[in-house]
Amino acid sequence: MADMDGSRAFVKDVKRLVIKVGTAVVTRNDGRLALGRFGALCEQLKELNSQGYEVILVTSGAVGLGRQRLRYRKLVNSSFADLQKPQVELDGKACAAVGQNSLMALYDTLFNELDVSSAQLLVTDSDFRDKDFRKQLNVTVRSLLSLKVIPIFNENDAVSTRKAPYEDSSGIFWDNDSLAALLALELKADLLVLLSDVEGLYSGPPSDPKSKLIHTYVKEKHRHEITFGDKSRVGRGGMTAKVKAAVNAAYAGIPVVITSGYAAKNIIKVLQGQRIGTLFHQDAHFWEPTKEVSAREMAVAARERSRRLQALSSQERKKILLDIADALEANEKLITIENEADVAAAQEAGYEKSLISRLALKPGKISNLAKSIRVLANMEDPIGRILKKTQLADGLILEKTSSPLGVLLIVFESRPDALVQVITEAIPDTIGGQVIGLVTSREEISDLLKLDDVIDLVIPRGSNKLVSQIKSSTKIPVLGHADGICHVYVDKSADLDMAKRIVLDAKTDYPAACNAMETLLVHKDLVHIGALNELIVDLRVEGVNLYGGPRASSLLNIPQAHSFHHEYNSMACTVEIVDDVAAAIDHIHHHGSAHTDCIITEDQEIAEVFLHQVDSAAVFHNASTRFCDGARFGLGAEVGISTSRIHARGPVGVEGLLTTKWILKGSGQVVDGDKGVMYIHKDIPIDS
């Protein structure tokens, strides 16, 4: 796996795995079954089963489901007088008996739909004291697995001899977490996955913003540092029980991963070697550094490694870029699979469509990215170029040269981190992968934004909300744009067929892009000849939702836009009618974001007025706003689009990431109050 974490390499040898799903995963807050998560779990198990994995499931949820059903039945059968009496808590064993029947019925139904067979095995603590039982258990499970049947285990709470099964932790196992660990050892599993309602083990309660996810549990390091939160809202022990079971299994030789049962395909991601959840392994102390790398240490390491890059020759830097391009193409399939899983997880989590759209990698995106990197590699080396050469005095030559800007902090709102991992693997050891650091938590980003003495530029890539938050949270210069409110103005002299093509492309080619059209301005004369209606019909046919300004909404009978300064990032746009080019320019200056604005006209004089008077980063004539892109501009690679009035504006490529260095070459001159120097300040040819 290209993006496999080194400590997760053991998953390549996994054949048999035990998966434990907790009550909090299979039920909702109201106690009812979470059918969506239930179905997604069964689909994952089906996929693993078909891939040849031997899957053993340990499931909770019977008692909770039984309690919910018995409460309902009791309510239905109670008189009004009965309901006024103090309610006695339902017997837990009765709840277990009723709920187990319902739970297995659901598993059976879902697996049948997926053409998978399952089997129920109920066990108690006392069973495992019997050697003959344990021997027969192994024989039965081996037989089921050979038939590709998924064994489903649960503790038989209905007949358990423990007096208080939710409190009594004596015995061989005491809850389904410890049962799962016991089964993993007894059945010689290669991996145990404990599914929780959080991402994994945190340094403190997950609800505490200061808590951080622990990717690899090191017993010697973490056992005294972790503060546990509340127990599970419905299960027996919550994270404390899971950690205890995980430690016992791991130090007996069974790797364990605690991860979220809420996210899509997390079990599959674990088996792909992805660094998700918390890993427990008997060799963990060899992998994980005892000291966490702080944000400052990461940034300082990036600066140090960047200086190593600068010391390389142009050809050596070129080779690194070409290796990165090759690595991206070689791993395109893996990156795409990971991206599809990320998109599915985002959809399940209910993220905004525009955010999901930016997260998704379109077909051909990786190959286009690799192509852009190769273009960049084959460009003239931008570092160390002499930009200006001046003879200050006799024998005293001053050179103005190009130099890297420094350490960049690029904050992605929704991008797959697999890309970063593939890229770092292509960096030679002489430079070190630390030249690129990857953080994934908000706390770490907050720490990085404070490092104005180490980080030189922040480039946020995402929504206007993200950009605005970052600008207000750091002293470091920020290159970006808060909004992408792009206009297309159709003048009265426009070629209508051309206008239709440009308007449709600007809006529908990629609606979530910052260079997509958000407002269509149309000259008033086009209303009378029917041209406006033709434009509107074409947009509607493509599925664009239309909102109007005061003039357009009443004329076209469309809803009025709540604001002209609005970025839809979707198949929607605002339409308004203007008197002339001056009114269009005025509208853009009042309501635009200085990103990209376009005029469609056959009148060259009108076009020149628009091009020179619109104060935006990019201004186009008879061309779609979607052309405002670093790759399309031939910049090799785009790191962002800036609407700020700084050194870099519009699409920013490598040139925008450069600053200058002054190099002075003398022959022993000293200032000495300028008494011994005759300044001539003569420009001389750069190549001299």
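An unreviewed UniProt entry annotates the chain as Delta-1-pyrroline-5-carboxylate synthase of Durio zibethinus. What UniProt records for the chain under Function (unreviewed entry) is the sentence "P5CS plays a key role in proline biosynthesis, leading to osmoregulation in plants."

Draft legend 1. A look at unusual backbone geometry. Here Asp-674, not a glycine, exhibits a phi torsion of approximately 60°, which is positive. Counting through the fold element by element, Asp-674 comes out in the loop between β21 (658–665) and β22 (682–683). For Asp-674, a relative accessible area of 39% puts it in the partly exposed group.

Draft legend 2. Quick look at the pairing of strand β5 (residues 191–196). Judged by how many residues are buried, β5 sits mostly within the fold: six of six residues are covered. Side chains Leu-191, Val-193 and Leu-195 of β5 all project onto a buried face; the interleaved residues Leu-192, Leu-194 and Ser-196 project onto the opposite face, where all are buried too. As paired elements, strand β1 (residues 16–21) and β5 share five bridges and run parallel to each other. Note that in β5 the partner of Val-21 across the bridge is Leu-195. Note that β5 and strand β7 (residues 256–260) share five bridges and pair parallel. What sits directly across from Leu-192, in β7, is Val-256.

Draft legend 3. Summary view of the packing of aromatic side chains. With the rule as written, the count across this model stands at seven aromatic pairs. Summarising the aromatic geometry, the rings of Phe-128 and Phe-133 are spaced 5.4 Å apart at their centres and angled 80° between planes, so their arrangement reads as edge-to-face. By relative accessible area, Phe-133 is classed as partly exposed at 22%. Aromatic pair Tyr-217 and Phe-280: ring centres 4.8 Å apart, planes at 25°, arrangement stacked. Of this pair, Tyr-217 sits in strand β6 (residues 216–217) while Phe-280 sits in strand β8 (residues 278–280), and the two are 63 residues apart along the sequence. The pair formed by Tyr-217 and Phe-280 is uniform in burial state, with each residue classed as buried. A connected cluster of aromatic rings, assembled from ring pairs, spans Phe-38, Tyr-107 and Phe-111. When the ring centre of Tyr-262 is taken as reference, the NZ or CZ atom of Arg-37 above it lies at 4.0 Å. Here Lys-362 stacks its cationic end above the ring of Tyr-510, 4.1 Å away from the centre of that ring.

Draft legend 4. Quick look at empty space enclosed by the protein. For the coordinates displayed, the defined rule picks out one cavity of 30 Å³ or more. Of all the secondary structure elements, the ones that give two or more residues to the lining of the largest cavity are α1 (23–26), α2 (35–50) and α10 (266–271). Grouping the amino acids of the lining of the largest cavity by side-chain chemistry returns 11 nonpolar, four polar and two charged.

Draft legend 5. Up close: the sheet that holds strand β13 (residues 486–490). Taking strand neighbours across the sheet as the criterion, the six strands line up as β15-β16-β14-β13-β17-β18 in an open arrangement whose pairing is parallel. The outermost strands of the open sheet, each flanked by one partner alone, are β15 (545–548) and β18 (618–621). Going from strand to strand, the sheet's axes swing by 20° on average, the running direction of each strand aside. In terms of strand pairing, strand β17 (residues 596–600) meets β18 through four bridges, oriented parallel. Across the sheet, residue Cys-598 finds its bridge partner in β18, namely Phe-620.

Draft legend 6. Highlighting the environment of Gln-560. Structurally, Gln-560 is set in the loop between α23 (550–556) and β16 (572–578). For Gln-560, a relative accessible area of 52% corresponds to the exposed category. Residues Gln-560 and Val-575, spaced 15 residues apart in sequence, show a C-alpha to C-alpha distance of 9.3 Å. Once you skip the residues sitting within four places of it in the chain, Gln-560 turns out to touch Gly-548, Pro-550 and Ser-553.

Draft legend 7. Representation of the packing of helix α13 (residues 314–330) against helix α16 (residues 365–378). Packing of α13 against α16 leaves a shortest axis separation of 9 Å and a crossing angle of 170°. Relative to α16, the element α13 is oriented roughly antiparallel. Contacts from Lys-318, Leu-321, Leu-322, Ile-324, Ala-325, Asp-326, Leu-328 and Glu-329 of α13 reach α16 at Ile-366, Ser-367, Leu-369, Ala-370, Ile-373, Arg-374, Leu-376, Ala-377 and Asn-378. Here the contact of α13 with α16 is composed, by residue class, of 11 nonpolar, two polar and four charged.

Draft legend 8. The sheet that holds β22, seen in detail. Taken together, four strands build an open sheet; the order of strands is β21-β10-β9-β22 and the sheet is antiparallel. At either margin of the open sheet sits one strand with a lone partner, and together these are β21 and β22. As defined by bridge partners, strand β10 (residues 396–404) adjoins β21 across eight bridges and the pair is classed as antiparallel. Following the sheet pairing, Ser-403 is matched in β21 by Thr-659.

Draft legend 9. Structural view of the pairing of β18. Burial of the side chains of β18 is restricted to one face: Ala-618 and Phe-620 are buried, whereas none of Val-619 and His-621 on the reverse face is. With helix α25 (residues 604–613) bridging β17 and the parallel β18, this β-α-β connection has right-handed handedness.

Draft legend 10. View of the nonpolar core. Among the nonpolar cores identified, the biggest contains 38 residues, and Val-18, Phe-128, Leu-137, Phe-153, Leu-183, Leu-192 and Phe-280 are the most heavily contacted of them. No other element matches the seven residues that helix α9 (residues 238–250) contributes to this core. Setting aside chain neighbours within four positions, we find Leu-192 in contact with Val-18, Ala-180, Ala-181, Ala-184, Ala-249, Ile-254, Pro-255, Val-256 and Val-257. Core analysis: the second largest hydrophobic core is formed by 37 residues, Phe-10, Leu-65, Val-116 and Ile-268 among them.

Draft legend 11. A look at the environment of Asn-378. Inspection of the secondary structure puts Asn-378 in helix α16. You can call Asn-378 exposed: its relative accessible area is 51%. Distance in space between the C-alpha atoms of Asn-378 and Leu-322 is 9.1 Å, their sequence separation being 56 residues. A distance of 2.9 Å separates a polar atom in the side chain of Asn-378 from the backbone oxygen of Arg-374.

Reading guide: rules and limits
- Residues numbered from 1 in each chain as written.
- Predicted model: local features only at pLDDT ≥ 70, side-chain atom pairs only at ≥ 80, totals over all residues.
- Heavy atoms only, no water.
- UniProt positions renumbered as here; feature names shortened; annotations may be inferred.
- Helix = DSSP H or I, 4+ residues; strand = E, 2+ residues; numbered from the N terminus.
- Buried < 20%, exposed > 50% of the residue type's maximum accessible area, 1.4 Å probe, protein only.
- Pairing = 2+ DSSP bridges.
- Phe/Tyr/Trp six-rings, centres within 6.5 Å; stacked < 30°, edge-to-face > 60°.
- Lys NZ or Arg CZ within 6 Å of the ring centre and 35° of its normal.
- 1 Å grid on protein atoms, 1.4 Å probe; cavity = no way out; pocket = protein on both sides within 12 Å on 5 of 7 lines; lining within 4 Å.
- Points joined across faces, edges and corners; volume = space filled by probe spheres on them.
- Nonpolar A, V, L, I, M, F, W, Y, C, P; charged D, E, K, R; others polar.
- Axes fitted to C-alpha atoms, helices over the stretch in contact; angles between N-to-C directions.
- Contact = heavy atoms within 4.5 Å.
- Parallel < 35°, antiparallel > 145°, perpendicular 65-115°, else oblique.
- Right-handed = clockwise from strand over helix to strand, strands pointing away.
- Core = buried A, V, L, I, M, F, W, Y, C linked by side-chain atoms within 4.5 Å.
- Polar contact = N/O pair within 3.5 Å; in protein donor to acceptor, adjacent residues only side chain to side chain.

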